[in-house]
Amino acid sequence: MSLFALPQIMNQMSCVFLSLVVLGAVLLLSLPWFCKLLVVLGLFMAWMGSWKKVQIVLHTIKRDLICLAIIIRLRFSMYRNLRNRSTIPALFAQTVKMHPDKAALIYEATGEVWTFRELQERCHAVAHWALAQGWTEGDVVALYMENQPLVVALWLGLAMIGVESAFINHNLRQQSLMHCISICRAQAMVFGTEMTKAVSEVTRFLQPSMVLFSIGEVEEEKLCRSKVQSLNALLSRSPTHPPQYKLKKGFNDRLFYICTSGTTGMPKAAIIVHSRYFRIATSIFHAFGVCRDDIVYTCLPLYHSAGAIMGVGQCLLFGTTVVIKRKFSAKCFWDDCVKYKCTVIQYIGEICRYLLAQPVSPSEAHHRVRVAIGNGLRPSVWEEFVQRFRIQRVGEFYGATECNCSLINIDGKVGSCGFISCIMPSFYPIRLVRVKQDHNELLRDSQGLCIPCLPGEPGMLVGCINDTDPLRRFDGYADQDSTNQKISHNIFKMGDSAYVSGDVLVKDEYGYIYFKDRSGDTFRWRGENVSTTEVEGVLSRLMGHTDVAVYGVSVPGVEGKAGMAAIAHAGGHFDLDAFWIAVQKALPSYARPVFLRLLSSVDTTGTFKISKVRLQREGYKPQDTREKICFLNSRAGCYEAVTDELYNAIKEGKVSL
């Protein structure tokens, strides 16, 4: 057949196909409506391949389309801001013009109220002060203080002239504190008087050029340093009108740094650019139904993205009022919500469990809260939290400060931290991929690409990196080595790059994602993978929502790691027999703790995540007489105290596990 005849043949085939389509349409129109429906449904099923796929589409299409609309809206606004070289201070100025006299920030500790105009004037004062110091765009100032409205005015005012703030966790001390100051290359530090002792411990290690500013009066002899300036006095003399300065930075330039908690090593300084701040705050606003008239209650630290971006961002970009609590208090939580008429609350880590552990109070029945936004709400307490406190909507999400693979649960699916669309998986290019049992290495196929997980199969969450897409950027950390460690290549296709979260999650058949463990938290025992997160949830519920840390410990001569649970016990009698009976009913044999550690409190981070570093290091060796370590005697069917003799017997392999 000649190639020149091919167009003629294709044309004839097209005519035949068109004729068949027309004939089919005529026949379909002549059928009764129910027959038409059956025909269309049959064609749809044939296209999908199976009835199960049709069921999945029908179950998820509303969810996926709502999320698609949110993403499209977000993309348009981000590209517009990118084109206009918008910045967070510029967007805040637009918010101030809309309602200058509305309450912007309320400080719970003093009852102080700042209107949007007053917040802007304080930011201007900070900008003038920074210019007087001779700082220029790209210089870094460390902020080291507990929650107060001035924290917001400081970083926002510095950003008006391009100076970058470094948020330092006020729980850090000595080496960790010095490490954060060093990796951020800070030229100055602003600290609260409550941090004076912590600052005094590191002053002799600071660079001679480092300038210190205190919030409140500080006795300089306590710091062994001759120059500590009172920032309050400097700001009181600073002008409150807009500074005569044209910012050179744009939408994708650096805004500030957030230092991670460092639970698995030294803290890292995550880079937050203006576009990332906008993306996170805007996503929360649209995804979880926040409105401009809401009053947001945040007891989360302002050195963390949840408080500084998700909470305060609603104020700066959308004009909501934000109530700032100096420090989380489970006892005062609902009293504060009633007093300030809060309608949105933030949680993170174990806050919801702490609230459930409180005795019933009148205020929890009289609040106006309708939305709870956060991450880390355990499935084991989700429904109890919603029912007891009458929360209409839970806005659970997943996402590290620096990641590009955030997830959102927009339809309240219990236990889920978000979803990946089964219909449009390519629109938001993130995946769960298979990993080796230790969760540190990605598994690859014969072509060298990562292997996608099937429903029900745990895997590592990864997000494709695209520097030209504001939703797919990965800005990394202040030091390049830390950035490189989070990037892997040849994930979706050869030559690409992706952010590797380090978190293990699992997906169901409808695309809902459930958090399983952080990398390294899962351990293997008796041939089974044990999820520390799941066991912690079960044990905490059995113990009335107390703090529980579960981890694996090595035992000589035994394959895998034995489970150990550290339980916060206030004192008094701990009924080991009753605990063992409850554990047998609640957990499979391989997940039951082999060792127990009863202690007064479990280590937690400033963002209410349980820290296991010290506990794992100390293992099951008796160390503190105020604590009790127990061993599960499987033959006797009970827990017994670990003495020095029993410890040595276990180490020598004389005791059967």
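Note: the structure precedes this text.
Residues numbered from 1 in each chain as written. Predicted model: local features only at pLDDT ≥ 70, side-chain atom pairs only at ≥ 80, totals over all residues. Heavy atoms only, no water.

## Some details on the sheet that holds strand β26 (residues 595–599)
Applied cut-off: Each pair of strands is called paired provided DSSP finds at least two bridges between the two strands. Think of it this way: any DSSP run of H or I at least four residues long counts as a helix, any run of E at least two long counts as a strand, and we number them from the N terminus. Lines fitted to C-alpha atoms define the axes here, with helix axes fitted over just the stretch in contact, and angles between the N-to-C directions of these axes take values from 0 to 180 degrees. Whether two residues touch is decided by their heavy atoms; if any such pair falls within 4.5 Å, the residues are in contact.
Pairing within the open sheet is mixed, and its five strands lie in the order β24-β25-β26-β27-β28. Each edge of the open sheet carries a strand with a single partner, namely β24 (548–553) and β28 (638–641). Within the sheet, the average angular offset between the axes of one strand and its neighbour, ignoring direction, is 25°. Note: β24 against strand β25 (residues 562–568), six bridges, orientation antiparallel. Counterpart to V553 in the pairing with β25 is A562. Where helix α17 (residues 576–586) meets the sheet, it contacts β25, β26, β27 (628–633) and β28, and its direction lies at approximately 140° from that of β28.

## Quick notes on the packing of helix α16 (residues 532–542) against α17
Worth spelling out the cut-off: Throughout, the term roughly parallel applies to angles under 35 degrees, roughly antiparallel to angles over 145, roughly perpendicular to angles from 65 to 115, and oblique to all others. Working rule for handedness: look at the near helix, and if it is turned counterclockwise from the far one by less than a right angle, call the crossing left-handed; if clockwise, right-handed.
At their nearest, the axes of α16 and α17 sit 11 Å apart, and the two run at 135° to each other. Taken as axis vectors, α16 and α17 run oblique relative to one another. Two packed elements cross with a definite hand, and for α16 against α17 that hand is right-handed. Between α16 and α17, the contacting residues are V538, L539 and L542 on the first element and F579, A582, V583 and A586 on the second.

## Details of empty space enclosed by the protein
Rule in force here: Only protein atoms enter the calculation, which uses a 1 Å grid: trapped sets of points that fit a 1.4 Å probe without letting it out are cavities, open sets showing protein on both sides within 12 Å along at least five of seven lines are pockets, and any residue with an atom within 4 Å of a point is a lining residue. Grid points are joined across faces, edges and corners, and a volume is the space filled by probe spheres set on the points.
Within this structure, the stated rule accounts for five cavities of 30 Å³ or more. Considering only enclosed or pocket space, the largest cavity measures out at about 490 Å³ in volume. If you trace the largest cavity, you find 29 residues lining it, with I71, S406, L407, I408 and Y428 closest to the centre. Breaking the lining of the largest cavity down by element, the ones donating at least two residues are α3 (51–83), α10 (274–287), α11 (305–318), β14 (393–398) and β15 (407–408).

## Details of α16
We apply this condition: The buried label applies to any residue whose accessible area, calculated with a 1.4 Å probe on protein chains only, is under 20% of its type's maximum; exposed applies above 50%, and partly exposed to all values in between.
Buried residues dominate α16, accounting for eight of its eleven residues. Those residues of α16 lying buried are T532, T533, V535, E536, G537, V538, L539 and S540. Looking one or two places after α16, you find G544, whose phi comes out positive at around 75°.

## What to know about the pattern of salt bridges
The condition is simple: One speaks of a salt bridge when a side-chain nitrogen belonging to Lys or Arg is within 4 Å of a carboxyl oxygen belonging to Asp or Glu.
Within this structure, the stated rule accounts for 21 salt bridges. As a salt-bridge pair, K327 and E146 come within 4.0 Å of each other at their nearest N and O atoms. Within this pair, whereas K327 is found in the loop between β11 (321–324) and α12 (333–339), its partner E146 is found in the loop between β3 (140–144) and α6 (149–159), the two being separated by 181 residues in sequence. Close ionic contact of E201 with K197 constitutes a salt bridge, the shortest N to O distance being 3.0 Å. Residue K197 is classed as exposed on the basis of its relative accessible area, which comes to 61%.

## Details of the environment of E559
Its location among the elements puts E559 in the loop between β24 and β25. The sequence separation of E559 and R526 amounts to 33 residues, and the corresponding C-alpha distance is 7.8 Å.

## As for the nonpolar core
We count it as follows: Buried Ala, Val, Leu, Ile, Met, Phe, Trp, Tyr and Cys residues that are joined via side-chain atoms within 4.5 Å together make up what is termed a nonpolar core.
In this structure, L119, W129, W155, V190, Y277 and L316 are the most contacted members of the largest nonpolar core, which totals 133 residues. Ignoring any residue separated from it by four or fewer positions in sequence, one finds Y277 in contact with I88, W155, L255, F256, I272, A308, I309, V312, G313, L316 and L317.

## A closer look at the packing of aromatic side chains
Note the threshold: Between 30 and 60 degrees the pair is tilted, below 30 it is stacked and above 60 it is edge-to-face, where a pair is any two Phe, Tyr or Trp rings, Trp via its six-membered ring, whose centres lie within 6.5 Å. Comment: the charge-over-ring label is applied if NZ (Lys) or CZ (Arg) is within 6 Å of the ring centre and within 35 degrees of the ring normal.
Scanning the entire structure with this criterion turns up 24 aromatic pairs. Both rings, one in F385 and one in F389, keep their centres 5.4 Å apart while their planes meet at 65°; by these two values the pair is edge-to-face. Residue F385 and its partner F389 are both found in helix α14 (residues 379–389); the two are separated by four residues, about one turn of the helix. Taken together, the aromatic side chains of Y297, F328, F333, W334, Y354, F385 and F389 make up a single cluster linked through ring pairs. A cation over an aromatic ring shows up here: R63 above the ring of Y512, its NZ or CZ 4.6 Å from the ring centre. Geometry around Y477 places K268 over its ring, the cationic atom sitting 5.4 Å from the centre.

## Some thoughts on the packing of α10 against α11
Which entries qualify depends on this criterion: The residue classification treats Ala, Val, Leu, Ile, Met, Phe, Trp, Tyr, Cys and Pro as nonpolar and Asp, Glu, Lys and Arg as charged. All others, Gly included, are polar.
Running from N to C, α10 and α11 point in directions that differ by 85°, and their axes come no closer than 8 Å. Judged by the angle between their axes, α10 and α11 are roughly perpendicular. Residue-level inspection shows Y277, F278, I280, A281, T282, I284 and F285 of α10 in contact with α11, the latter providing A308, I309, M310, V312, G313, Q314, L316, L317 and F318. A per-class count over the contact of α10 with α11 returns 13 nonpolar, three polar and no charged.

## So, the sheet that holds strand β7 (residues 228–230)
Within the open sheet, the seven strands sit side by side as β7-β6-β5-β3-β4-β8-β9. Their pairing is mixed. The open sheet terminates on both sides in strands that have one partner only, identified here as β7 and β9 (269–273). Within the sheet, the average angular offset between the axes of one strand and its neighbour, ignoring direction, is 25°. Alignment of β3 against strand β4 (residues 164–167), held across four bridges, turns out to be parallel. Each residue of the ladder has a partner; that of V141, found in β4, is S165. Lying on the sheet, α10 is in contact with β8 (254–259) and β9; it crosses β9 at an angle near 85°.

## A few points about the environment of A549
Here A549 shows up in strand β24. Note on A549: relative accessible area 0%, which makes it buried. C-alpha of A549 to C-alpha of T604: the two residues are 55 residues apart in sequence and 9.8 Å apart in space. Ignoring any residue separated from it by four or fewer positions in sequence, one finds A549 in contact with E536, M564, A565, A566, V602, I610, K612 and L615.

By themselves these figures say nothing about function.
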